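Summary of structural features
For reference, the chains in residue letters:
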Amino acid sequence: MKRSYSHYLMVGYVALFIGFLLLPLLIAGGAAFNDTRFPSVWPWKASTLHWFTQMAENHQLLVAVWNTLMLAVGVTLLSVPIGTAAAIVLNNTKGKSRALLYALMTAPILTPAAVVGISTLIFWRGVNVPAGIFMTTLGVSSIISAFVMLLVLARLQSFDRALEDAALDLGATNWQVLTMVMLPHLRPAIAVGAMIAFLQALEAFNVPLFARGNAETVTIYIASQVRIGVTPQINALAVIMILIAVAGGVTYEIVRRREHRRSLKLEGLAHAAEQAEKRGEPIY
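As a starting point, this report considers the structure included with it. What you see is a predicted model, and the numbers here were worked out from it, not measured in a lab.

Notes on the overall build of the chain
Within the chain, the secondary structure is distributed over 11 helices and 0 strands. What you see in the chain, going N to C, is helices and strands ordered as α-α-α-α-α-α-α-α-α-α-α. Relative to the 2.2 N^0.38 estimate, which gives 19 Å for 284 residues, the radius of gyration of the chain is 25 Å and therefore markedly larger than a compact globule would have. Here the C-alpha coordinates of the chain stretch approximately 80 × 60 × 45 Å along the principal axes. Sequence-distant contacts in the chain: of pairs separated by 6 or more residues, those separated by 24 or more amount to 69%. For the chain, the exposed area adds up to about 18400 Å²; of that, 69% sits on carbon and sulfur atoms. Positive and negative charge centroids in the chain, built from 21 and 14 side chains respectively, lie 9 Å apart.

Below, the structure is given as structure tokens:
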């Protein structure tokens, strides 16, 4: 009876937790199909695709989406190599300087994003960099690079330094050790860091608010529309983004399971070949 009670309690908790995560998405997505002026699912007036059509015809929103995508791609391309290099440098630093270097590299995370945005604007305008998507990319990357560094640094804790020494003893150059020994081990952390960098750049608000100039991102567009009333066009955009995210997750899972089955098949073939060799049978 105790086990049964615990089981139902755990199932109920998981159901509440999943509902807490998914219910806002369902409400936001459902509002895109309701024929009302303001986003809502109650009362339900009529089903419509009108807001998707209006979203496709909203030039200002489409420009904001394009700017946001450029920002996300730029931040990813800039943050991943910077964060990875910072993690490698920090991992190889010893003594008191390691603590100081760690504090400096993680400072952007602890600093309020509004302060980073103002600092970005003042610094880069001082060196004649105009406000816009490029300056915004630099500002957001200063924060996201620290996240990537922490992810890669955590992965480096499981890296066997003996592999690096063995490769050097066998005549490999430092570049070959980096690209053929260390980076393959860091690939999962780098991939996750790239994904987090892209997603965090999509929702950045404080830094773009100060550094964007005349450019507009989706978050800035939504904030500006709040004053006059947000329409379900934003919900239509959210539905498309949710579908893209779900499609990406499903695709990743399909590829992962396919690779897992392939690895199991190769392991089975290797085991069968090993057993055949022990029995003295020919291996084809």
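Details of the environment of Gly-83
With respect to the element layout, Gly-83 can be found in helix H3 (residues 59–91). Taking the C-alpha atoms as reference points, Gly-83 and Ser-145, 62 residues apart in sequence, are found 4.6 Å from one another.

Concerning the packing of aromatic side chains
Per the stated rule, a full pass over the model turns up 3 aromatic pairs. Between Tyr-13 and Phe-17 the ring centres are 6.4 Å apart and the planes differ by 20°, which places this aromatic pair in the stacked class. Here the residue Tyr-13 and the residue Phe-17 both occupy positions in helix H1 (residues 2–31), the gap between them amounting to 4 residues, near one helical turn. Overall, Tyr-13 belongs to the exposed group, its relative accessible area being 53%. On the basis of relative accessible area, Phe-17 is assigned to the partly exposed category, the value being 44%. Where Phe-123 meets Trp-124, the ring centres are 5.0 Å apart and the plane angle is 85°; that geometry is what we call edge-to-face. Judged by relative accessible area, Trp-124 falls into the partly exposed class, the value being 27%.

Thoughts on the layout of surface pockets
Of the pockets and cavities examined, the largest pocket occupies roughly 760 Å³. Along its surface, the largest pocket is lined by 22 residues, and Phe-198, Leu-199, Leu-202, Met-241 and Ala-245 are the ones closest to its centre. Contributing elements (two or more residues each) for the lining of the largest pocket: H3, helix H8 (174–202), helix H10 (218–226) and helix H11 (233–278). Counting residues per element, the lining of the largest pocket draws most heavily on H8, which supplies 8 residues. In the lining of the largest pocket, the residues fall into 18 nonpolar, 3 polar and 1 charged.

The rules behind each value
Residues numbered from 1 in each chain as written. Predicted model: local features only at pLDDT ≥ 70, side-chain atom pairs only at ≥ 80, totals over all residues. Heavy atoms only, no water. Helix = DSSP H or I, 4+ residues; strand = E, 2+ residues; numbered from the N terminus. Rg over C-alpha atoms; globule rule 2.2 N^0.38 Å. Contact = heavy atoms within 4.5 Å. Areas by Shrake-Rupley, 256 points an atom, 1.4 Å probe, with all protein chains shown as cover. Lys, Arg positive; Asp, Glu negative; His and termini not counted. Charge placed at Lys NZ, Arg CZ, Asp CG, Glu CD. Phe/Tyr/Trp six-rings, centres within 6.5 Å; stacked < 30°, edge-to-face > 60°. Buried < 20%, exposed > 50% of the residue type's maximum accessible area, 1.4 Å probe, protein only. 1 Å grid on protein atoms, 1.4 Å probe; cavity = no way out; pocket = protein on both sides within 12 Å on 5 of 7 lines; lining within 4 Å. Points joined across faces, edges and corners; volume = space filled by probe spheres on them. Nonpolar A, V, L, I, M, F, W, Y, C, P; charged D, E, K, R; others polar.

From the geometry alone we can't say anything about function, so treat these as descriptive.
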